[in-house]
Amino acid sequence: MNSNSLMSTISSWINRFETELQVDKLERKWLRVALGMVVLFVGSILLTAIVSGVHPPSHVETIDSASLHLGGEFAEDKLGVQAEALADGTLLVKLVAGRYGFYPREIEIPAGRKIKFRIASMDVLHGAHIPMTNMSTMIVPGYVAEVTTVFPKPGEYPMLCNEYCGMGHDHMWSKVTVTTPEDWRAPAEEIRHE
Ligand code: CUA
């Protein structure tokens, strides 16, 4: 069914509904405006999901934000780019967001490869956003924020906080360096080379 025949089917339904219920002319107009808005909103959600790969978080995972530093996967020595990639080759990056920064403050990742971010807040609500990319997520205390994305172009990107979190909110940012796949070294290799 093409979009024209879909639209005409919908408008014939509306006409039938309106004649059967004897809807007032003005009401009919507003009914169409409201329906048009629903179509517009649902359409834009579908469009961004399909074209730009924008997806809402698909799972809910809780964590005790107050004890992140005491151990577990968000302990200080386990943060950053993980030396061991996931089974499908995706690189795992673990970050802690806290007033006022994302820790570690600098990470280096390769372009063109799937990167899975797992981020937890140690205090209040933060947001992680890398401009000009589709990496953007809220980091709600008590939950693990997970985003998987690919950075197509090498370069230096800021990771900014985009949820107001206190006096230092404007200064809450960290550096993300995206290297070419050839220049990138896994963190474990880096230690061996230095
Ligand atoms: Cu963290 Cu704003």
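Model, not experiment: these values are computed from the prediction.

About the criteria used
- Residue numbers restart at each chain and count upward from 1, following the sequence in its written direction.
- Only residues with pLDDT of at least 70 are given local features in this predicted model, and only at 80 or more are side-chain atom pairs given and counted; all residues enter the totals for whole chains, interfaces and linings.
- Hydrogens and water are ignored here; the side-chain numbers use all heavy atoms of the structure.
- Like-charged residues are merged into a patch within 9 Å and nonpolar side chains (Val, Leu, Ile, Met, Phe, Trp, Tyr) within 5 Å, provided each residue has over 30% relative accessible area and no salt bridge.
- We get accessible surface area from the Shrake-Rupley algorithm with a probe of 1.4 Å; when it comes to residues, only the shown protein chains can shield them.
- Throughout this description, the term salt bridge denotes a Lys or Arg side-chain nitrogen within 4 Å of a carboxyl oxygen of Asp or Glu.
- Under the convention used here, Asp and Glu are negative, Lys and Arg are positive, and both His and the chain ends fall outside the count.
- By convention, the charge on Lys lies at NZ, on Arg at CZ, on Asp at CG and on Glu at CD.
- Runs of E in the DSSP output that reach at least two residues are strands. Runs of H or I that reach at least four are helices, and both are numbered from the N terminus.
- Accessible area is worked out with a 1.4 Å probe on protein chains only. A residue is then buried under 20% of its type maximum, exposed over 50%, and partly exposed in between.
- Only buried residues count toward a nonpolar core, which is a set of Ala, Val, Leu, Ile, Met, Phe, Trp, Tyr and Cys residues joined through side-chain atoms within 4.5 Å.
- When checking whether two residues touch, look at their non-hydrogen atoms; a contact exists if any pair is within 4.5 Å.
- Here a polar contact is recorded for every N or O atom pair within 3.5 Å, except that within protein the pair must consist of a potential hydrogen donor and a potential acceptor, and residues adjacent in sequence are included only if both atoms are side-chain atoms.
- An automatic or database domain assignment supplies the start and end points of every domain.
- Any two strands with at least two DSSP-identified bridges between them are counted as paired.
- Between N-to-C directions, angles span 0 to 180 degrees; the directions come from axes that are lines fitted to C-alpha atoms, helices contributing only their stretch in contact.

**Comments concerning a negative patch on the surface**
A cluster of acidic side chains, namely E106, E108, E182 and D183, defines a negative patch on the protein surface. Mapped onto the secondary structure, E182 falls in the loop between β10 (173-179) and α3 (187-193). Judged by relative accessible area, which is 67%, E182 ranks as exposed.

**Comments concerning the nonpolar core**
Membership of the largest hydrophobic core comes to 28 residues, with the highest contact counts inside it found for I109, F117, I119, M135 and M159. Secondary-structure elements contributing two or more residues to this core are β2 (91-98), β4 (106-110), β5 (114-121), β8 (144-150), β9 (155-161) and β10. Counting residues per element, this core draws most heavily on β2, at 4 residues. Ignoring any residue separated from it by four or fewer positions in sequence, one finds F117 in contact with V93, L95, I107, I109, M135, A145, E146, V147, T149, F151 and M159. Listed in part, the 6 residues of the second largest apolar core include L68, L79, A120 and V144.

**Quick notes on the pattern of salt bridges**
If you walk through the whole model with that rule in mind, you get 7 salt bridges. Among the ionic pairs, R118 bridges to E146, the shortest N-O distance being 2.6 Å. Placement of the pair is R118 in strand β5 and E146 in strand β8, with a sequence separation of 28 residues. Judged by its relative accessible area of 9%, R118 is buried. Between K175 and E156 there is a salt bridge, with the nearest N and O atoms lying 3.7 Å from each other. Remark: E156 occurs in strand β9 and K175 occurs in strand β10; sequence separation between them is 19 residues.

**Quick word on the side chain of T149**
With respect to the element layout, T149 can be found in strand β8. Residue classification places T149 among the buried positions, given a relative accessible area of 5%. Among the polar contacts made by the side chain of T149, one reaches the side chain of N134 at a distance of 2.6 Å. Setting aside chain neighbours within four positions, we find T149 in contact with R113, K114, I115, F117, N134 and M135.

**Regarding the domain arrangement of the protein**
By domain assignment, the protein separates into domain 1 (3-52) and domain 2 (65-179). If you average the C-alpha positions of domain 1 and of domain 2, the two centres end up 41 Å apart.

**Topic: the sheet that holds strand β6 (residues 126-129)**
Strands sit in the order β4-β10-β9-β6-β7 across an open sheet of 5 strands; the sheet is mixed. Edge strands, defined here as strands with exactly one partner in the open sheet, are β4 and β7 (136-139). This sheet shows a mean twist of 20° between the axes of neighbouring strands, independent of strand direction.

**Notes on unusual backbone geometry**
The peptide bond linking R99 to Y100 adopts the cis configuration, its omega dihedral lying at -5°. Relative to the helices and strands, Y100 is located in the loop between β2 and β3 (101-103). The omega angle of the peptide bond from Y103 to P104 is 0°, so this bond is cis rather than trans. Residue placement: P104 occurs in the loop between β3 and β4. At M132, a position not held by glycine, the phi torsion is positive, near 70°. Within the element layout of this structure, M132 appears in the loop between β6 and β7. By relative accessible area, which is 84% here, M132 ends up exposed.

**Let's talk about the side chain of K94**
By the secondary structure assignment, K94 is in strand β2. In this structure K94 comes out as buried when scored by relative accessible area, which is 8%. With residues near it in sequence (within four places) discarded, K94 still touches E73, F74, K78, L79, G80, Q82, Y103, P104 and R118.

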